[in-house]
Amino acid sequence: MDPDYSAQDVARCDLCKTAIAQSYCDFCHVNLCKPCIGDHISDEYDKHKIVPIHQRKSTLIYPKCQTHQNEDCKYQCKECNISICFDCLASKHHNKEHEFVKLEEVYNTKKEQIQSDTDELENQILPAYEEIANELEMQIASLDEEYKKLTTEMSKQREEIHREVDNAMEQMEKEIGEIKLKHHSILQKHLDEIKQLQSLMQQTLLVLNEIEESNEVSKTIQFSSKNEEFSKLPPKVVASMPKFIPKQIEREELRSLIGKLIPLSTTLEERVFTAKKPNTSVRELLAEPEVLNTIKTGYERLRSVTCLNEEQIWTSGQTADIKCFNIQGVLQKTIQTNSGSAPNDIAVDRDGALLYADWKTRTVYKVRIDQTEEIIMLQGWTPKNLCVTSSGDLLVTMYSDDKTQSKVVRYSGSTVKQTIQFDDEGQPLYSWNNYTKYISENRNLDICVADYTAGAVVVVNQAGKLRFRYTGPPSPTKTKPFKPYGITTDSQSRILTVDWNNNCIHILDTDGQFLRYIDNCDLVDPVGLCVDSYDSLFLCEYEKGSVKKIRYLK
């Protein structure tokens, strides 16, 4: 069937232009209504081929033989790769030893190849290019953050160099002060010696005056002159002033002292296209989901759960304890947060390390083999909820200190790769407050956020472009406003989100279409949730402090 004529597109007759066409002339390529068929075939042309419109273009149009003008070429010579008619085949005009094949077979084979190419292009190659385009858009979107980080590092170096220059100048000023004291001491000592000699000379003058006026023989005879001694002037103290000789500033040398800026370098890495195998294992929803197990965690207020593996889960509540249980409910391990405050959320990375967001220190910590390290430290923002992506990145929802802004930030290690905050019109994607915004990445790389205050699940694509907002379906039984809390996705790219107000879970398809509720498992105050690799659902009940393991797929 021609996709140009689907049930949604009504073809009109090409002759009368008004009636709906039920037929098609496969040779003239015109749409025909029943009354116009007779007019169309009334001419002398005898090659009209009238078919139902849904079979349009089903009649093969063969090329004309160049040797036998009135004959259609319905065969192909495989050796010569040319089309020939039956007369050519029967005559001596073509080598009878050559191998011939029907053109219809070649046509059908080529059609199958074209269909295969179309399917591969639409479902494999084009999506690969879309992923590349999304990756590039994400890189472009993160440029401002990356270059801001670069200039921030340079600013830190500038401040450090300024501090070192100030310290060096202060040290030199201190040395100048010490030299000045020494200089002063030398001159003062010499001055004291001169003044002492002056005093001796004054005393000698008094003695000379007395003798000069005296007529005593003995005193005059005993006088000994000291002028020769006094006439030997003391050495002159020559102290050269210290000098500051500024070093000529060489720009290149200064740049080398500051550091080295490695310039932008680009390379082209070969991409290898690998066709994705179609997912044939579609798991349908159970008509009646069932609770397989209930784990008592001991929390008075349980908020988050995340799967470590198929046998263990991590849980957290409103205490500083983060507890690990096996799926039978036996406590395996407990760790304490660094600040002693309850974590905002927990997650597990691809290496099995525990991550938790601490509101008090504004830090995301990583715990592995009892060693805790800081991987993300925020200023002006507080981390709220966490999600480890399929690529190993970390998505963090966060709110500003004044509680007027919210955003999602993608990290690779401690490096910011992407910030998601506004839509294409510059409007905020998320409500501006510090309420919980659980986050999950879908299998198609969409980023799904449960915005409790907005009463919506906000879904953007990998590049951060808004795809849809889900605000819940109209329901006669769910009378309270939709308030999404925890959120997760499964192997079928379905989105599962908790409806806190109505004590149920909404299941959506990848495009945000409502599929069904999970509301038969006696859920009370549901909050955080997650699924393991087998699509088993783990759900936190806030006040009860219980984790329920639920089977909802066949």
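Residues numbered from 1 in each chain as written. Predicted model: local features only at pLDDT ≥ 70, side-chain atom pairs only at ≥ 80, totals over all residues. Heavy atoms only, no water.

Trainee: I keep staring at the overall build of the chain and nothing clicks. Help me out?
Mentor: Of regular secondary structure, the chain possesses seven helices and 30 strands. For 554 residues, the compact-globule estimate of 2.2 N^0.38 gives 24 Å, and the chain exceeds it by more than 25% at 46 Å. For the chain, the spread of C-alpha atoms along the three principal axes comes to 175 × 75 × 50 Å. Within the chain, contacts between residues at least 6 apart in sequence are counted, and of these 44% link residues at least 24 apart. About 35,300 Å² of surface is accessible on the chain, with carbon and sulfur atoms providing 51% of the total. The distance from the centre of the 68 positive side-chain charges to the centre of the 85 negative ones in the chain is 2 Å. (Helix = DSSP H or I, 4+ residues; strand = E, 2+ residues; numbered from the N terminus. Rg over C-alpha atoms; globule rule 2.2 N^0.38 Å. Contact = heavy atoms within 4.5 Å. Areas by Shrake-Rupley, 256 points an atom, 1.4 Å probe, with all protein chains shown as cover. Lys, Arg positive; Asp, Glu negative; His and termini not counted. Charge placed at Lys NZ, Arg CZ, Asp CG, Glu CD.)

Trainee: Would you mind showing me how to read the pairing of strand β18 (residues 406–412) here?
Mentor: Across a regular strand the side chains alternate sides, sitting on one face of the sheet and then on the other. The element β18 is extensively covered by neighbouring structure, given that six of its seven residues are classed as buried. Here strand β17 (residues 394–400) pairs with β18 via six bridges, running antiparallel. Its bridge partner lying in β18, T397 is registered against V408. Adjacent in sequence and paired antiparallel, β17 and β18 are bridged by five residues, among which K403 carries a positive phi angle near 60°. The hairpin turn running from β18 into strand β19 (residues 415–420), its antiparallel successor, is two residues long, and G413 in that turn takes a positive phi close to 65°. (Buried < 20%, exposed > 50% of the residue type's maximum accessible area, 1.4 Å probe, protein only. Pairing = 2+ DSSP bridges.)

Trainee: Which parts of the structure should I look at to understand the packing of aromatic side chains?
Mentor: Think of a pair of aromatic rings as described by two things: how far the centres are apart, and how the planes are tilted against each other in angle. As enumerated under the stated definition, the model contains seven aromatic pairs in all. Look at W500 and Y542: their rings are 5.8 Å apart centre to centre, the planes differ by 70°, and that puts the pair in the edge-to-face class. Residue W500 is located in the loop between β25 (495–499) and β26 (504–508), and its partner Y542 is located in the loop between β29 (537–541) and β30 (546–553); the two are separated by 42 residues in the primary sequence. For W500, a relative accessible area of 22% translates into the label partly exposed. Residue classification places Y542 among the buried residues on the basis of a relative accessible area of 14%. Note on F514 and Y517: the rings are 4.7 Å apart at their centroids and 55° apart in plane angle, and the pair reads as tilted. Take Y517: its relative accessible area is 13%, and that puts it in the buried class. Three or more aromatic residues link up through ring pairs in this structure, and these residues are Y438, Y452, Y485, W500 and Y542. A cation over an aromatic ring shows up here: K407 above the ring of W381, its NZ or CZ 4.0 Å from the ring centre. The ring of Y517 carries K478 above its face, with NZ or CZ at 4.3 Å from the centroid. (Phe/Tyr/Trp six-rings, centres within 6.5 Å; stacked < 30°, edge-to-face > 60°. Lys NZ or Arg CZ within 6 Å of the ring centre and 35° of its normal.)

Trainee: Explain the sheet that holds strand β20 (residues 437–441) here, please?
Mentor: Note on sheets: strands pair through backbone hydrogen bonds, and any given pair is parallel or antiparallel. If you trace the four strands from one edge of the open sheet to the other, you get β20-β21-β22-β23, paired in antiparallel fashion. Both outer strands of the open sheet, β20 and β23 (466–470), are each paired with one neighbouring strand and no more. Across the sheet, the mean angle from the axis of one strand to that of its neighbour is 15°, orientation sign disregarded. Here strand β21 (residues 447–451) pairs with strand β22 (residues 456–460) via five bridges, running antiparallel. Opposite V449, over in β22, you have V458 as the bridge partner. (Axes fitted to C-alpha atoms, helices over the stretch in contact; angles between N-to-C directions.)

Trainee: Where do I start with the side chain of D446 in this structure?
Mentor: Take D446: it is sitting in the loop between β20 and β21. What makes D446 buried here is its relative accessible area of 4%. At 3.0 Å, the side chain of D446 and the side chain of N444 are in polar contact. Within the structure, the side chain of D446 is placed 2.5 Å from the side chain of R467, a separation counted as a polar contact. (Polar contact = N/O pair within 3.5 Å; in protein donor to acceptor, adjacent residues only side chain to side chain.)

Trainee: What exactly am I supposed to notice about the confidence of the model for the chain here?
Mentor: Close reading of the predicted structure is inappropriate where its pLDDT is low. On average, residues of the chain score 88 in pLDDT, and 96% of them are at 70 or above. Taken as a whole, residues 1–8 scores under 50 in pLDDT and shows eight contacts with residues more than four places along the chain or in a different chain. (pLDDT = per-residue confidence, 0-100.)

Trainee: I tried to follow the nonpolar core on my own but got confused; where do I start?
Mentor: The nonpolar side chains of a soluble globular protein tend to be buried with one another. Within the largest apolar cluster, 42 residues are counted, with the highest numbers of intra-cluster contacts made by I313, I505, L537, F538, V547 and Y552. In this view, Y552 contacts E284, L285, L286, P289, D490, L496, I507, I518, V531, D535 and L537; residues no more than four positions away in its chain are not counted. Membership of the second largest hydrophobic core comes to 15 residues, among which are L355, V364, I376 and W381. (Core = buried A, V, L, I, M, F, W, Y, C linked by side-chain atoms within 4.5 Å.)

Trainee: Please clarify how the state of the cysteines should be interpreted in this entry.
Mentor: Linking two cysteines covalently through their sulfur atoms gives a disulfide. Per the counting criterion, the structure on display carries zero disulfides. For C73, which is in no disulfide, the shortest distance to another cysteine sulfur is to C65 and amounts to 4.3 Å. C324 takes part in no disulfide bond, and the closest cysteine sulfur to it belongs to C307, at a distance of 11 Å. Assessed through its relative accessible area of 2%, C324 is described here as buried. (Disulfide = S-S within 2.5 Å.)

Trainee: I keep staring at helix α4 (residues 143–213) and nothing clicks. Help me out?
Mentor: Since the α-helix turns once every 3.6 residues, residues separated by three or four places project in the same direction. Between its first and last C-alpha atoms α4 spans 104 Å; for 71 residues at 1.5 Å apiece the expected length is 105 Å, and the two agree. All of the buried residues in α4 are H183, H190, T204 and I211. (Expected span 1.5 Å × (residues − 1).)

Trainee: Please clarify how the pattern of salt bridges should be interpreted in this entry.
Mentor: Pairs can form between side chains of opposite charge once their charged atoms are near each other. Throughout the structure, instances matching the rule amount to 17 salt bridges. Taking the shortest distance from any N to any O, the salt bridge between K333 and D370 comes out at 3.1 Å. In this pair, K333 sits in strand β11 (residues 331–336) while D370 sits in the loop between β14 (363–368) and β15 (371–377), placing the two residues 37 residues apart along the sequence. Of the residues examined, K333 reaches a relative accessible area of 34% and is grouped as partly exposed. For K366, the salt bridge identified is with D349, shortest N-O distance 3.5 Å. (Salt bridge = Lys/Arg side-chain N within 4 Å of Asp/Glu carboxyl O.)

Trainee: How should I be thinking about the sheet that holds strand β28 (residues 526–531) in this particular structure?
Mentor: The sheet built from four strands is open, its strands ordered β7-β30-β29-β28 with antiparallel pairing. Edge positions in the sheet fall to β7 (285–296) and β28, since each of these pairs with one other strand and no more. Averaged over all neighbouring strand pairs, the angle between strand axes comes to 25°, with direction disregarded. Pairing analysis gives five bridges linking β29 to β30, with the strands arranged antiparallel. Bridged to F538 within β30 is K549.

Trainee: Would you mind going over the environment of Q405 with me for this structure?
Mentor: Following the sequence through the fold, Q405 ends up in the loop between β17 and β18. Sequence separation of Q405 and W432 is 27 residues, and the distance between their C-alpha atoms is 4.4 Å. Once residues lying within four places of it in the same chain are set aside, the contact partners of Q405 are W381, M398, Y399, S400, Q421 and W432. There is a polar contact of 2.9 Å between the side chain of Q405 and the side chain of Q421.

Trainee: Hey, could you run me through a nonpolar patch on the surface in this one?
Mentor: On the surface, I140, L143, Y147, L150, M154, L261 and L264 cluster together to form a nonpolar patch covering roughly 740 Å² of accessible area. Among the elements that make up the nonpolar patch, the one with the highest residue count is α4 (four residues). As for its position among the elements, L150 is in helix α4. Among the residues examined, L150 registers a relative accessible area of 33% and is labelled partly exposed. (Patch = residues over 30% accessible without salt bridge, like charges linked within 9 Å, V, L, I, M, F, W, Y side chains within 5 Å.)

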